[in-house]
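Residue-level structural notes
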Protein chains: 2
Amino acid sequence: MNVCVVGLGLLGGSFALAMKEKFPETNIIGVDKNPENADKALKLGIADEIKEYDEGISTCDLAVLATPVNVMHRQLPEALDLLDEKAILIDFGSTKEALCEIAENHPKRGRYVALHPIAGTENSGPEAAFAHLLHNKMMIFCEVNRSDKDAVDLNKRIFKSMNMHLSYMGAAEHDLHIAYVSHLSHISSFALGLTVLEKEKNEKNIFNMAGSGFSSTVRLAKSSPEMWAPIFKQNGENISEALDAYIQKLVEFKEIIDNRNDGESLKEMRKANEIRRVLAGIQKKKVS
Amino acid sequence: MNVCVVGLGLLGGSFALAMKEKFPETNIIGVDKNPENADKALKLGIADEIKEYDEGISTCDLAVLATPVNVMHRQLPEALDLLDEKAILIDFGSTKEALCEIAENHPKRGRYVALHPIAGTENSGPEAAFAHLLHNKMMIFCEVNRSDKDAVDLNKRIFKSMNMHLSYMGAAEHDLHIAYVSHLSHISSFALGLTVLEKEKNEKNIFNMAGSGFSSTVRLAKSSPEMWAPIFKQNGENISEALDAYIQKLVEFKEIIDNRNDGESLKEMRKANEIRRVLAGIQKKKVS
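Fair warning: this is a prediction, and the values are worked out from it, not measured in the lab. (Residues numbered from 1 in each chain as written. Chains lettered and ligands numbered in written order. Predicted model: local features only at pLDDT ≥ 70, side-chain atom pairs only at ≥ 80, totals over all residues. Heavy atoms only, no water.)

**Considering the overall build of chain A**
In plain terms, the rule: Here a strand is any run of E in DSSP of at least two residues, a helix any run of H or I of at least four, and the numbering for each starts at the N terminus. The globule rule is 2.2 Å times the number of residues to the power 0.38, and the radius of gyration it is compared with is taken over C-alpha atoms. Each residue's exposure class comes from its accessible area (1.4 Å probe, protein chains only) as a fraction of the maximum for that residue type: buried when under 20%, exposed when over 50%, partly exposed otherwise. We call two residues in contact whenever any of their non-hydrogen atoms come within 4.5 Å of each other. Methods summary: accessible areas were calculated by the Shrake-Rupley approach with a probe of 1.4 Å, and residue burial reflects only the protein chains presented.
Secondary structure assignment for chain A yields 12 helices and 8 strands. For 288 residues, the compact-globule estimate of 2.2 N^0.38 gives 19 Å, and chain A sits close to it at 21 Å. Dimensions of chain A along its principal axes, counting C-alpha atoms only, are 65 × 40 × 35 Å. Buried positions account for 60% of the 288 residues belonging to chain A. In chain A, the proportion of contacts linking residues at least 24 apart, taken out of those at least 6 apart, comes to 74%. In the form shown here, chain A has an accessible surface area of approximately 11,200 Å², with 49% of it arising from carbon and sulfur atoms.

Next up, the structure:
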């Protein structure tokens, strides 16, 4: 199978490596507008060959868009135009509603399957890719009723082979929930990093006093700005709502602290502790 | 050496285990107001014997307070009263200014060394303790000029033997910086957990959509409310200032998102990315 991976970064690269591991006969056609990334992807064994975008898309059986979401908006209709009529197009974008709307009236809509793998690290670029990034993670399929059955089935088979858990939802529903469960944590982390960097002009203090707790909470502040700026723009409405709720919660917490009300602070933290049970459910799911 | 550990939880228990590993002749006298914890500590080999508070403190060479900081406020002067005149008292509290003030005019002030190990996990209780919790972490010594030289020297020796990095600062300075670098991350995480739990009434959505990013950012929301409520109360002024700065940053970020201003959002995230370099410095320090 000829698989064309557009965007040879963390996600595209990791998918390519996993394909080569699970389906050794796969030929990976790499496409990247950055020639340096394309070179690295060849050297790292992520891509078997490098092609131009048009040629890559029109000669493959499966094309994957793994570019920033603003770039995908341009690439999605182009790719459907170029695609062989039996080939399949998927994308790994973090926002789904606008992409599904763009594809909605395309004559080849059925060949497109909208996906979002809940997987990533704070690192980016081909060097950050590894074959097991998707292993044991969740793959969300959006609006599958708009895709051809054979296209959905092939993707189910591919991602099950990578030990992924599959989940199905509407695109609007996806974008709302992902704002709370993923996009908000990125902003809380970026803002934490900025606050500490601005207030602690002397890095030695961060250096001396940061523990694993700070490192864990601020980890996502290392994420790629080029990837996240378009996500924040596209899912702006949902993220704004999530941020309102988060800021409101912090204002309440500040009031509790200003009033030295430890009864209330205990109560709120005990409620927050519930997240342990919810996340333990996730752990359990992931090893089962 | 007889070491009396008051509070047989994560920190006290881990210190006891590390002492027994590094100084096998140590006899650990455990003190805990909760008999169940005391029993567990005996069974887990954390304590060699269990004593009442007064007896434990008055018969040891080194006493450690590893209780919530509000309890320490009561215990610190009592412990100095009870202590043998050659014995040493240390504490592991996360706030230092109020404790140093309480000890300030005590006739045995010199026997007290105010410490803060930058180490912990989101778990608590004797079962959460492990011998290497302190390994490669930072130990902050506060107001060492107020402690007797032999007391400081013994603690340097003990914590260096556990491969800790030592750092020295004033108590007020400690409390201000720790508000930004530790206490703020805990609140940002508790508030994130609360926001998501309140908005996502259907846990299945969290379950299906949470990735390692959310888990990492929300990890501290699992922390012990009984330990953190007194810290938030005691360091209220500094934490309130840190929260103001954090909320302000989030409000600015929300404005950027509401204006779909991706130029500005890119700029802010690139600034936040600096935290990678700062934390890499910490990693480097920790393995060196």
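**Description of the sheet that holds strand S5 (residues 88-91) of chain A**
Whenever strands of a sheet pair, they do so through backbone hydrogen bonds, lying parallel or antiparallel. Residue and element names in this part refer to chain A. To be explicit about the condition: Pairing between two strands is assigned when DSSP locates at least 2 bridges connecting them. Axes, fitted as lines to C-alpha atoms, cover a helix only where it is in contact. Angles between the N-to-C directions of the axes lie from 0 to 180 degrees.
What the 8 strands build is an open sheet, ordered S3-S2-S1-S4-S5-S6-S7-S8; its pairing is mixed. Single-partner strands in this sheet number two, and they are strand S3 (49-50) and strand S8 (165-169). Of the pairings in the sheet, the one linking strand S4 (residues 62-65) to S5 comprises 4 bridges and is parallel in character. Looking at S5, one finds that Leu62 is bridged to Ile88. Along the sheet, helix H6 (residues 149-161) makes contact with S4, S5, strand S6 (112-118), strand S7 (138-142) and S8, crossing S5 at roughly 55 degrees.

**Section: the pattern of salt bridges**
Residue and element names in this part refer to chain B. Formally: Between Lys or Arg on one side and Asp or Glu on the other, a salt bridge is scored when a side-chain nitrogen of the former is within 4 Å of a carboxyl oxygen of the latter.
Applying the stated criterion to the full structure yields 45 salt bridges over all chains. With a shortest N-O distance of 2.6 Å, Lys20 and Asp48 are connected by a salt bridge. One end of the pair, Lys20, is in helix H1 (residues 10-22); the other, Asp48, is in the loop between helix H2 (35-43) and strand S3 (49-50), and 28 residues separate them in sequence. A relative accessible area of 23% places Lys20 in the partly exposed class. A residue is classified by how much of its surface remains accessible, and Asp48, at 37% relative accessible area, is partly exposed. The salt bridge partner of Lys249 is Glu252, with a shortest N-O separation of 3.4 Å.

**Things to note about the relation of the copies chain B and chain A**
Condition: Superposing copies: least-squares fit, C-alpha atoms only, residues required to have pLDDT of at least 70 in both.
Note on the copies: chain B fits chain A at an RMSD of 0.0 Å, the axial shift is 0.0 Å, and the rotation between them is 180 degrees. Viewed as a symmetry operation, the transformation between the two copies matches a two-fold axis. The rotation axis passes nearest to the C-alpha of Thr217 of chain B in chain B, at a distance of 2.1 Å. Of the residues that chain B buries at the interface, 100% are likewise interface residues in chain A, meaning the two copies contact each other through the same surface.

**Regarding the side chain of Ser185 of chain B**
As for its position among the elements, Ser185 of chain B is in helix H7 (residues 171-199). A residue is classified by how much of its surface remains accessible, and Ser185 of chain B, at 0% relative accessible area, is buried. Apart from residues no more than four positions distant in its own chain, Ser185 of chain B is found in contact with Leu192, Phe214 and Thr217 of chain A together with Leu220 of chain B.

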